[in-house]
Amino acid sequence: MYFKDVIGQDELKRYLTGAARKGIVPHALMFCGAEGYGSFHLALAYAQYLNCTDRSDEDACGKCPSCVKYDALAHPDLHFVFPMVQNKEKKKETCDDYHTEWRSFLKSQTAEHTYFDIDTWLTSLGAENKAATIYAAESDKILHKMNMKIYEAAYRVLFIWMPERMNISCSNKLLKIIEEPYPNTAIVMVSPEPNNVLGTIYSRSQLVQVRPIPHDMLVNQLVTELNLDETLARQTAHLANGNYLKATRLLSESEDEAFFLEQFKLIMRNGWARNIVGMKQFAEEMASLGREKQKNFLAYCQRQIRENFLLCLSEPALNYLNNDEAAFSVNFHKYVNERNITGLMDEFSLAEAHIGQNVNSKMVFFDLSMRITVLVKA
């Protein structure tokens, strides 16, 4: 991975390359930002740059033995940790057991010059309806790798994607490594939800805040990479709000988005009508989905509440609704106001947290529907 493959983020690129050339390499670095901002690609480009033996001021060379091995994702001193789904029957219990699938997945994503998220990864595994975790068993693997001799790199890199999904036991082992760092070792973490990372890990890591891609730069990427006309590119970039992954999904007219909108309408209409039977049916339907999709739906609902509140405040320039969402919000936005905005956001956020904690999803969605009954008429 190279810095040139990352859309925008020029200031961060200059900072990272400059620090590396000066030999300023934090033992724990956390890239924080949505997947569509390029945080994963930026972190991996940084890891490759650290070990390039013929790097320029701007990027890794792509030709030295280290770069060749990084390009193949086969460097002996690069170790990946990532969320996965245990399958004891197939003896898939740690990240090493998914090594082949992970390398194939990353190569396909980089070849297509696109960004990805946890849903993309799980879909590639055929496990989109399951919750992905970094399990306790991974901690022993991490310790084993840290105690191995460095083969050839200037810096051994432990690359952790989504440390917020670490089992608490694994998080505590990682914390110990951060507090008592191994020589010539860089722990590079990528987190789209840094507030959910163990607090002591977060506080002991140097943070790299990855910002949204500037509007004009995102427009240019959509025009040059996807051959869009400028009008459509600008409209898409506005809705994506600096997120390239979201922009590509908007263009593909994701079925999930349409489904989420219909379910959002349903939960709100059930609440307004105090339709208990409808609430029960809604909870049963949502419970039949995988937990990742349930969490995505609840995050979607929070976005809809925010957008409708901005409409209520007459701030259309700050609005990011697609055509179908905007059509529904013409009448709905009047029901989101200063009296219930905080309560609605809190309830959807709490439900999302409960789903992440494996609380019975049917109970979560039925309880959420009942609470909305009170709030939507406030």
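These figures come from a predicted structure and were not determined experimentally. (Residues numbered from 1 in each chain as written. Predicted model: local features only at pLDDT ≥ 70, side-chain atom pairs only at ≥ 80, totals over all residues. Heavy atoms only, no water.)

Draft legend 1. Quick peek at the overall build of the chain. Each helix and strand in the chain was counted, giving 17 helices and five strands. Projected onto its principal axes, the C-alpha positions of the chain cover 65 × 50 × 35 Å. Put simply, the chain has 378 residues, and 49% of those count as buried. Considering only contacts within the chain whose residues lie at least 6 apart along the sequence, 73% involve residues at least 24 apart. Counting only carbon and sulfur atoms, one obtains 50% of the accessible surface of the chain, whose full area is about 17800 Å². (Helix = DSSP H or I, 4+ residues; strand = E, 2+ residues; numbered from the N terminus. Buried < 20%, exposed > 50% of the residue type's maximum accessible area, 1.4 Å probe, protein only. Contact = heavy atoms within 4.5 Å. Areas by Shrake-Rupley, 256 points an atom, 1.4 Å probe, with all protein chains shown as cover.)

Draft legend 2. Focus on unusual backbone geometry. Residue Met162 is not a glycine yet carries a positive backbone phi of 65°. Note on placement: Met162 falls in the loop between strand 3 (156-161) and helix 7 (168-179). Taking the relative accessible area as the measure of exposure, Met162 reaches 2% and is therefore buried. The phi dihedral of Asn241 falls on the positive side, at around 55°, and the residue is not glycine. Inspection of the secondary structure puts Asn241 in the loop between helix 10 (230-240) and helix 11 (244-251). Note on Asn241: relative accessible area 41%, which makes it partly exposed.

Draft legend 3. Region of the structure containing the packing of aromatic side chains. If you walk through the whole model with that rule in mind, you get 29 aromatic pairs. Following the ring pairs from residue to residue traces out a cluster consisting of Phe40, Phe80, Phe82, Tyr98, Trp102, Phe105, Phe116, Trp121, Phe159 and Trp161. Taking the ring centre of Tyr98 as reference, the NZ or CZ of Lys92 above it sits at 5.2 Å. Lying across the ring of Phe259, Lys293 places its NZ or CZ 5.2 Å from the centre. (Phe/Tyr/Trp six-rings, centres within 6.5 Å; stacked < 30°, edge-to-face > 60°. Lys NZ or Arg CZ within 6 Å of the ring centre and 35° of its normal.)

Draft legend 4. Spatial organisation of the environment of Gly8. Mapped onto the secondary structure, Gly8 falls in the segment before helix 1 (10-21). Linking Gly8 and Pro212, residues 204 residues apart in sequence, is a C-alpha distance of 9.1 Å. Not counting chain neighbours up to four residues away, the residues in contact with Gly8 comprise Lys13 and Met217.

Draft legend 5. Inspection of the nonpolar core at higher detail. Core analysis: the largest hydrophobic core is formed by 82 residues, its most contacted members being Phe31, Phe159 and Trp161. Sorting elements by how many residues they give to this core places helix 2 (residues 39-51) first, with nine residues. Dropping the residues within four chain positions of it, Trp161 is found in contact with Phe40, Val81, Phe82, Pro83, Trp102, Phe116, Asp117, Ile118, Trp121, Ile134 and Val190. Residues Met268, Leu344, Ile355 and Val364 belong to the second largest nonpolar core, which totals 29 residues. (Core = buried A, V, L, I, M, F, W, Y, C linked by side-chain atoms within 4.5 Å.)

Draft legend 6. Fine view of the pattern of salt bridges. Under the definition given, this model contains 20 salt bridges. Between Lys141 and Asp96 there is a salt bridge; the shortest N-O distance is 4.0 Å. Of the two residues, Lys141 is situated in helix 6 (residues 137-147) and Asp96 in the loop between strand 2 (78-81) and helix 4 (99-111); the sequence distance between them amounts to 45 residues. By relative accessible area, which is 32% here, Lys141 ends up partly exposed. Several salt bridges share partner residues, and in doing so they unite Asp96, Lys141 and Lys145 into one network. (Salt bridge = Lys/Arg side-chain N within 4 Å of Asp/Glu carboxyl O.)

Draft legend 7. Structural view of helix 6. Regarding helix 6, the residues found buried are Glu138, Ser139, Ile142, Lys145 and Met146. Seen end-on, helix 6 carries its buried residues on one side only, within an arc spanning 125°. Exposed and facing more than 90 degrees away from the buried side of helix 6 are Asp140, His144 and Asn147. Structurally, helix 6 contributes buried residues whose contacts are with strand 2, strand 3, helix 7 and strand 4 (185-191). (Arc of directions from axis to C-beta.)

Draft legend 8. Examining the pairing of strand 1 (residues 28-32) more closely. Of all five residues in strand 1, five are buried; the element is thus mostly enclosed. Two elements, strand 1 and strand 4, share five bridges in a ladder whose sense is parallel. Each residue of the ladder has a partner; that of Phe31, found in strand 4, is Val190. Pairing of strand 1 with strand 5 (residues 206-209) involves four bridges; the strand directions are parallel. Following the sheet pairing, Met30 is matched in strand 5 by Leu207. (Pairing = 2+ DSSP bridges.)

Draft legend 9. Representation of the sheet that holds strand 5 within the structure. The five strands are arranged 2-3-4-1-5 in an open sheet whose pairing can be described as parallel. Edge strands, defined here as strands with exactly one partner in the open sheet, are strand 2 and strand 5. Direction aside, neighbouring strands of the sheet carry axes that sit 20° apart on average. Along the sheet, helix 1 contacts strand 1 and strand 5; its crossing angle with strand 5, the most-contacted strand, is approximately 150°. Here helix 6 sits on the sheet and contacts strand 2, strand 3 and strand 4; the angle it forms with strand 2, its principal contact strand, is near 170°. (Axes fitted to C-alpha atoms, helices over the stretch in contact; angles between N-to-C directions.)

Draft legend 10. Geometry of the environment of Pro181. Mapped onto the fold, Pro181 is located in the loop between helix 7 and strand 4. Residue Pro181 is classed as partly exposed on the basis of its relative accessible area, which comes to 42%.

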